Amino acid sequence: MSVAPVVPRSGWAESLRLLSRIGTFCLVELQKLRHDRTELITRAIQPILWLVIFGVTFSRIRAIPTGNVPYLDYLAPGIIAQSALFVAIFYGIQIIWERDAGILTKLLVTPSPRSALVAGKAFAAGVRTISQAIVVLIVAALLGVSMTWNPLKLLAVLAVVVLGAAFFSCLSMTIAGLVLRRDRLMGIGQAITMPLFFASNALYPVSLMPDWLRVLSHVNPLTYEVSALRGLLIGQPTNYWLDFTVLIVAAVAGICAAASLLSRLAR
Amino acid sequence: MSADPTPEPVPAVQIAGLSHRFGDHLAVDALDLTVSPGECFGLLGPNGAGKTTTLRVLNTLYPPQSGTVQVFGLDVRTQAMVVRRMLGYVPQQLSIEGALTGRENVSWFARLFDVPRRERAARVAEVLEIVDLTDAADRLASTYSGGMVRRLELAQALVNRPALLVLDEPTVGLDPVARDSVWARVQDMQERYGMTVLLTTHYMEEADLLCDQVALMHHGRLRAVGTPAHLKAELGPQASLEDVFRHHTGESLEGEAKGGLRDVRGTRRTAQRMG
């Protein structure tokens, strides 16, 4: 078992280091994105299909009651959350890759607490999902979805997306720490993405769900992410305190869980 | 503090009674080792001798299970963060991020070691210059040859100006030209910064050329320590370090080293990644 190093430390210096590590990993993620933009394009295809085909069709059928909000408007925030989820849930593959490549070993012997490394990676996943969210926002605007253009609200949208990505990428890194292999992580990722997506309010209101699914949707952080996005983007009433509290608590819990399993990956 | 007029210098590395177990397998068995500051110390032995495990306890990756390990007088168990700042570490595997340029790879580690922002760019350029990668610095590292990757890793390990450089099999898997160039860099860096170097190898030639002191490890135990010249002289004028190893362990170094499973795994991983 690993023993926590007893180093004299001040809380202030620790927080600064944490922020510095998060900044470093976000920067590295941006550098990687700049060198290889193909993923941005390929990742954009699926959310576009959801909006253009599923969204437009279901708007015509009017099968899902969304009050006086057009279904496409209702769907757009859900698809932002979904596309961010899809990026984040496979983010743990990167850490297994870095482990197999020996990079993780070198990261673990830099003067960085494990939680700072995991937090750095979690927010780097957030950087990747921001690019995703922007693509979906643009496509939604082109399809005539009437969203807010208030810059403060749009910044809050990005914050919500980053928090969601931080949680789901930590879930992915936690699974990575348990299964230790890329193919197993891929399998589990694929097995849980759709249930997470369907057991949320991304496609339809919670009020339409059978009771058992409603319970699942209430413990699913994706639901709170979608609620906050819907509130910010299309003005649907929501409890922001609850949404942000759930997302922040989930992200912190995810970071702790993934950090505690990081030593398993180092062996 | 001692009032002694000529105080003993604090050893760069002091390992006492270190044992490390993986399940039933005792990888390191009651190891005692001292490395003096400024010297190049070679840990020799075939794969499975316990060299890498020893380095991984030393660099704080594995907490010591028993015994004590100190780096410049600091205990790796209780002062891990401080020890990490004093170390540069190059693992056995070729391990760089191919999706970043050479410069970005080094800059990444400069940030992780808290190199101040004002000095960062100059420091990164300096270490890239030392390893002769200035011209290739802005190319993606995935386009580098094996020798260039290893030199880039040396640059990464140097960027925090470590007092102790830890190299795990620095030239395994490299062709002779790349090997020579890595050896030249290590010697150059030692002269330039006077840092202590601890390396593991199963190449006798490497140990003979680079190391002031060598220790022979076999099945987790230390079999002999001394200067290469001294160890060879004990066996006679014609003896090589290979003979020294055979004398102390009764086994050949190269024979075991070549077929090792870990080597295969390392090479396969590298091939996959460079792929």
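Residues numbered from 1 in each chain as written. Chains lettered and ligands numbered in written order. Predicted model: local features only at pLDDT ≥ 70, side-chain atom pairs only at ≥ 80, totals over all residues.

The name recorded for chain B in an unreviewed UniProt entry is ABC-2 type transport system ATP-binding protein, from Kribbella antiqua.

Within an unreviewed UniProt entry, the label attached to chain A reads Transport permease protein, and the organism entered is Kribbella antiqua. Quoted verbatim from the Sequence similarities (unreviewed entry) field of the UniProt record, the comment on chain A reads "Belongs to the ABC-2 integral membrane protein family." (UniProt positions renumbered as here; feature names shortened; annotations may be inferred.)

A.B. asks: Is there a simple way to think about the overall build of chain A in this case?
C.D. replies: For chain A, the helix and strand inventory stands at 12 helices and zero strands. Along its sequence from the N terminus, chain A presents helices and strands in the succession α-α-α-α-α-α-α-α-α-α-α-α. Taken against the 2.2 N^0.38 rule, which gives 18 Å for 267 residues, the C-alpha radius of gyration of chain A at 19 Å falls within 12% of a compact globule. Considered along the principal axes of its C-alpha atoms, chain A spans approximately 60 × 40 × 35 Å. Among the 267 residues that make up chain A, the fraction classed as buried is 46%. Put simply, 81% of the contacts in chain A that link residues at least 6 apart link residues at least 24 apart. (Helix = DSSP H or I, 4+ residues; strand = E, 2+ residues; numbered from the N terminus. Rg over C-alpha atoms; globule rule 2.2 N^0.38 Å. Buried ≥ 20, exposed ≤ 12 C-beta atoms within 10 Å, placed from the backbone. Contact = placed C-beta atoms within 7 Å.)

A.B. asks: Help me understand the nonpolar core, please; the structure alone is not making it clear to me.
C.D. replies: Note on soluble globular proteins: their nonpolar side chains tend to be buried together. In this structure, Val-118, Ala-166 and Cys-170 of chain A together with Ala-155 of chain B are the most contacted members of the largest nonpolar core, which totals 155 residues. Of the residues forming this core, the biggest block, 14 residues, is contributed by helix H7 (residues 151–179) of chain A. Setting aside residues up to four positions removed in sequence, Ala-155 of chain B forms contacts with Val-106, Val-127, Leu-128, Ile-130, Val-131 and Leu-133 of chain B. (Core = buried A, V, L, I, M, F, W, Y, C linked by C-beta atoms within 7 Å.)

A.B. asks: Would you explain unusual backbone geometry in this entry?
C.D. replies: The bulk of non-glycine residues show a negative phi, and the bulk of peptide bonds are trans. Residue and element names in this part refer to chain B. Although it is not a glycine, Glu-169 sits at a positive phi angle of roughly 50°. Within the fold, Glu-169 resides in the loop between strand E7 (164–168) and helix H6 (176–193). Within the chain, His-219 stands out as a residue other than glycine whose phi angle is a positive 50°. Position of His-219 among the secondary structure elements: in the loop between strand E9 (213–218) and strand E10 (221–226).

A.B. asks: Even after reading the chapter, I still don't get the confidence of the model for chain B, so can you show me in this structure?
C.D. replies: Parts of the prediction with low pLDDT should not have their coordinates interpreted in detail. Residues and elements named next belong to chain B. Overall, the predicted model of chain B reaches an average pLDDT of 86, with 89% of residues at or above 70. Put simply, helix H11 (residues 261–274) is where chain B has its lowest mean pLDDT, 44, and helix H3 (residues 102–112) is where it has its highest, 97. Of the regions scoring below 50 in pLDDT, residues 255–275 engages in 21 contacts with residues more than four places distant in sequence or in other chains. Per the prediction output, this complex has pTM 0.87; the corresponding ipTM is 0.88. (pLDDT = per-residue confidence, 0-100.)

A.B. asks: For this particular structure, what's the right way to read the interface of chain A and chain B?
C.D. replies: Each partner contributes to the interface: chain A provides 24 residues, whereas chain B provides 30 residues. For the side of chain A that touches chain B, the elements supplying multiple residues, two or more each, are helix H1 (11–35) and helix H5 (103–108) of chain A. Broken down by element, the side of chain A that touches chain B gets its largest block of residues, six residues, from H1 of chain A. The class makeup of the residues in the side of chain A that touches chain B is 11 nonpolar, nine polar and four charged. (Nonpolar A, V, L, I, M, F, W, Y, C, P; charged D, E, K, R; others polar.)

A.B. asks: Is there a simple way to explain the packing of H7 of chain A against helix H8 (residues 182–198) of chain A in this structure?
C.D. replies: All names here are of chain A. For the pair H7 and H8, interaxial distance at closest approach is 9 Å and the crossing angle is 135°. The pairing of H7 with H8 is recorded here as oblique in orientation. Note on packing geometry: the crossing formed by H7 with H8 is right-handed. In contact with Ser-172, Ile-175, Ala-176 and Val-179 of H7, H8 contributes Arg-184, Leu-185, Ile-188 and Gly-189. Each residue belonging to the contact of H7 with H8 can be placed in one class, and the counts come to five nonpolar, two polar and one charged. (Axes fitted to C-alpha atoms, helices over the stretch in contact; angles between N-to-C directions. Parallel < 35°, antiparallel > 145°, perpendicular 65-115°, else oblique. Left-handed = near helix turned anticlockwise from the far one by under 90°.)

A.B. asks: Where do I start with the sheet that holds E10 of chain B in this structure?
C.D. replies: Residue and element names in this part refer to chain B. Reading across the sheet, the six strands line up as E6-E7-E8-E3-E9-E10 and stay open at both edges, with mixed pairing between neighbours. Both outer strands of the open sheet, strand E6 (87–90) and E10, are each paired with one neighbouring strand and no more. Strand-to-strand twist of the sheet, defined as the mean angle between neighbouring strand axes without regard to direction, takes the value 15°. By the bridge criterion, five bridges tie strand E3 (residues 40–44) to strand E8 (residues 196–201) in an arrangement that is parallel. Within the sheet, the bridge partner assigned to Phe-41 lies in E8 and is Leu-198. In the packing of helix H5 (residues 146–158) onto the sheet, contacts are made with E6 and E7, and the angle to E6 comes to roughly 160°. (Pairing = 2+ DSSP bridges.)

A.B. asks: How do you make sense of the sheet that holds strand E2 (residues 25–35) of chain B when you look at a structure like this?
C.D. replies: Backbone-to-backbone hydrogen bonds join strands into a sheet, with any given pair of strands oriented parallel or antiparallel. All names here are of chain B. Ordered in space as E2-E1-E4-E5, the four strands form an open sheet in which the pairing is antiparallel. Every interior strand has two partners, whereas the edge strands, E2 and strand E5 (74–75), have only one. Strand direction decides the pairing type here: strand E1 (residues 13–22) and strand E4 (residues 66–71), joined by five bridges, are antiparallel. Each bridged residue has a counterpart across the sheet, and for Ser-19 the counterpart in E4 is Ser-66.

A.B. asks: Sorry if this is basic, but what is going on with the UniProt feature "domain: ABC transporter" (unreviewed entry) in chain B here?
C.D. replies: The positions UniProt marks with the feature "domain: ABC transporter" (unreviewed entry) are residues 13–244 of chain B. Secondary structure content for residues 13–244 of chain B is 39% helix and 26% strand, and the end C-alpha separation is 24 Å.

A.B. asks: What's the story with the UniProt feature "domain: ABC transmembrane type-2" (unreviewed entry) in chain A in this structure? I'm lost.
C.D. replies: Under the local residue numbering, the UniProt record ascribes the feature "domain: ABC transmembrane type-2" (unreviewed entry) to residues 38–265 of chain A. Spanning residues 38–265 of chain A, this segment combines 79% helix with 0% strand, and its end C-alpha atoms are found 29 Å apart.

A.B. asks: Would you mind showing me how to read the environment of Trp-108 of chain B here?
C.D. replies: As for its position among the elements, Trp-108 of chain B is in helix H3. Owing to 25 C-beta atoms within 10 Å, Trp-108 of chain B belongs among the buried residues under this scheme. On a C-alpha basis, the gap between Trp-108 of chain B and Leu-241 of chain B in space is 39 Å, while along the polypeptide they are 133 residues apart. Those residues in contact with Trp-108 of chain B that lie beyond four places of it in its chain are Thr-24 and Val-28 of chain A together with Leu-100 of chain B.

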